[in-house]
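Given next are the chains, with one letter for each unit.
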Amino acid sequence: MPEDDRNDATRDAVGREIDAAVDEQVSGLPPEQADALREKIRLRVREEIERDLRARTTAERREAARLAKEARKKEKYAEEGETFLRFNRNFRFQHIVMFSSVILLIVTGMPLKFPNFLLSRFVINFWGGIQHSTIVHRIGAGMLIYFMVHHFLYTILTRDGRRDFLLLLPKPGDAKDIVHNIRHFLGKRPDKPRFGRFSYIEKFDYWAVYWGCIIMIGSGLFLWFETYVLRFLPKYALDVAHEMHSDEAMLATLAIVIWHFYNVHFNPDRFPGTLLWWHGRMSEHEMREEHPLELEEIVARRARESAEVANR
């Protein structure tokens, strides 16, 4: 039986049961009163039934949507393949401290650079006034200083830190990759450049942070302890530090929002974002697309290790 016919038959059966129950309840009443009461009961019962059916239909649609979403997720994970640990826990912790401090510094620092904006006044009032806003700014500065010290020690004292530092040094091949990528974007080359563990984009991000931290921390300490600075340096040293701090802050904010956020989160391949900063892992598909040379090194190393185990 077709679905529509089955539904109609069910409604008719329910209607007959309702009529039988109503007739039993109104028996003995005057005809007009019985008819009015019968119609009132019938309408109310049908409203309740329709409401219940709608609720069931909505719940079923939600459940079907949830199951479909889970199926798509499983299918996607199957296509993504194996996952590889790209950044260890220590590195991820450094990154979280760094971007948390930078967010605090931007939120509390930009209102000082643009004090006449309505949003600036709102942000300062949110922190409870300029006195509290500057305290939060200095907390962010302390976090940034801690990050730099931590990362410096990580680079020197750990094997992964030393390896990544050497791989992040700019090389002549990076210039070739830039030209190759531009030609690819213009349709002159069908294939993308093949990157190792770090592309020129990630190297730019890394050294921009290094440069920015040196300028921001150095000039910020001058402004933080201006009384002590003026004991040894003339007033114009503070003026220079103020301009360096302000302009570098604006440059860093634009670089993060325009360059880093696009490449990491707003790129169509990753939108609306990636959780790589949290779990440190990339799928085999992502590795093949973005770091194929590193993936080939991992596969070759595994093959060598398997061969060594087999020969023992």
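The paragraphs below set out a description of the structure included in this document.

What counts and what doesn't
- Residues numbered from 1 in each chain as written.
- Predicted model: local features only at pLDDT ≥ 70, side-chain atom pairs only at ≥ 80, totals over all residues.
- Heavy atoms only, no water.
- Salt bridge = Lys/Arg side-chain N within 4 Å of Asp/Glu carboxyl O.
- Helix = DSSP H or I, 4+ residues; strand = E, 2+ residues; numbered from the N terminus.
- Buried < 20%, exposed > 50% of the residue type's maximum accessible area, 1.4 Å probe, protein only.
- 1 Å grid on protein atoms, 1.4 Å probe; cavity = no way out; pocket = protein on both sides within 12 Å on 5 of 7 lines; lining within 4 Å.
- Points joined across faces, edges and corners; volume = space filled by probe spheres on them.
- Nonpolar A, V, L, I, M, F, W, Y, C, P; charged D, E, K, R; others polar.
- Phe/Tyr/Trp six-rings, centres within 6.5 Å; stacked < 30°, edge-to-face > 60°.
- Axes fitted to C-alpha atoms, helices over the stretch in contact; angles between N-to-C directions.
- Parallel < 35°, antiparallel > 145°, perpendicular 65-115°, else oblique.
- Left-handed = near helix turned anticlockwise from the far one by under 90°.
- Contact = heavy atoms within 4.5 Å.
- Core = buried A, V, L, I, M, F, W, Y, C linked by side-chain atoms within 4.5 Å.

### Examining the pattern of salt bridges
Okay, step 1: As enumerated under the stated definition, the model contains 14 salt bridges in all.
Okay, step 2: The partner of Arg86 in a salt bridge is Glu202, and the shortest N-O contact between them spans 3.2 Å. One end of the pair, Arg86, is in the loop between β1 (83-85) and α3 (89-113); the other, Glu202, is in helix α8 (residues 200-224), with 116 residues separating them in the sequence.
Okay, step 3: When the shortest N-O distance is used, the salt bridge between Asp164 and Arg163 registers 3.1 Å.
Okay, step 4: Take Asp164: its relative accessible area is 5%, and that puts it in the buried class.
Okay, step 5: Judged by its relative accessible area of 37%, Arg163 is partly exposed.
Okay, step 6: Beyond isolated ion pairs, a larger network of salt bridges with shared partners links Arg86, Asp160, Arg163, Asp164, Arg197, Glu202 and Glu294.

### Some details on empty space enclosed by the protein
Okay, step 1: Under the definition given, this model contains one cavity of 30 Å³ or more.
Okay, step 2: Around the largest cavity, the lining residues are Phe91, His151, Tyr154, Thr155, Gly161, Asp164, Phe165, Leu168 and Tyr206.
Okay, step 3: Class assignment for the residues of the lining of the largest cavity results in five nonpolar, three polar and one charged.

### Points about the layout of surface pockets
Okay, step 1: In this structure, the second largest pocket encloses a volume near 570 Å³.
Okay, step 2: Elements with a minimum of two residues in the lining of the second largest pocket: β1, α6 (159-167), α7 (172-185) and α13 (292-311).
Okay, step 3: With five residues, the top contributor of residues to the lining of the second largest pocket is α13.

### Points about the packing of aromatic side chains
Okay, step 1: By the definition in use, this model includes 16 aromatic pairs.
Okay, step 2: Taking the centre distance of 6.4 Å and the plane angle of 55 degrees together, the rings of Phe91 and Tyr154 count as tilted. Of the two residues, Phe91 is situated in helix α3 and Tyr154 in helix α5 (residues 130-157); the sequence distance between them amounts to 63 residues.
Okay, step 3: Taking the relative accessible area as the measure of exposure, Phe91 reaches 21% and is therefore partly exposed.
Okay, step 4: One aromatic cluster is present, built from ring pairs that chain together Phe165, Tyr206, Trp207 and Tyr210.

### Comments concerning the packing of α3 against helix α10 (residues 235-266)
Okay, step 1: Their axes nearest at 11 Å, the elements α3 and α10 cross at an angle of 125 degrees. Considering their axes alone, α3 and α10 lie oblique with respect to each other. Classified by chirality, the crossing of α10 by α3 is left-handed. Listed contacts from α10 to Val102, Ile106, Met110 and Lys113 of α3 are Ser246, Asp247, Ala249, Met250, Thr253 and Ile256.

### What to know about the environment of Glu296
Okay, step 1: Among the structural elements, Glu296 can be located in helix α13.
Okay, step 2: Residue classification places Glu296 among the partly exposed positions, given a relative accessible area of 43%.
Okay, step 3: C-alpha separation for the pair Glu296 and Gly196, spaced 100 residues apart in sequence, amounts to 9.1 Å.

### Structural notes on the nonpolar core
Okay, step 1: Leu144, Phe147, Met148, Cys213 and Met287 are the most contacted members of the largest nonpolar core, which totals 21 residues.
Okay, step 2: Elements with a contribution of two residues or more to this core: α3, α5, α8 and α13.
Okay, step 3: For Phe147, the residues in contact, after removing those within four places along its chain, are Gln94, Val97, Met98, Val209 and Cys213.

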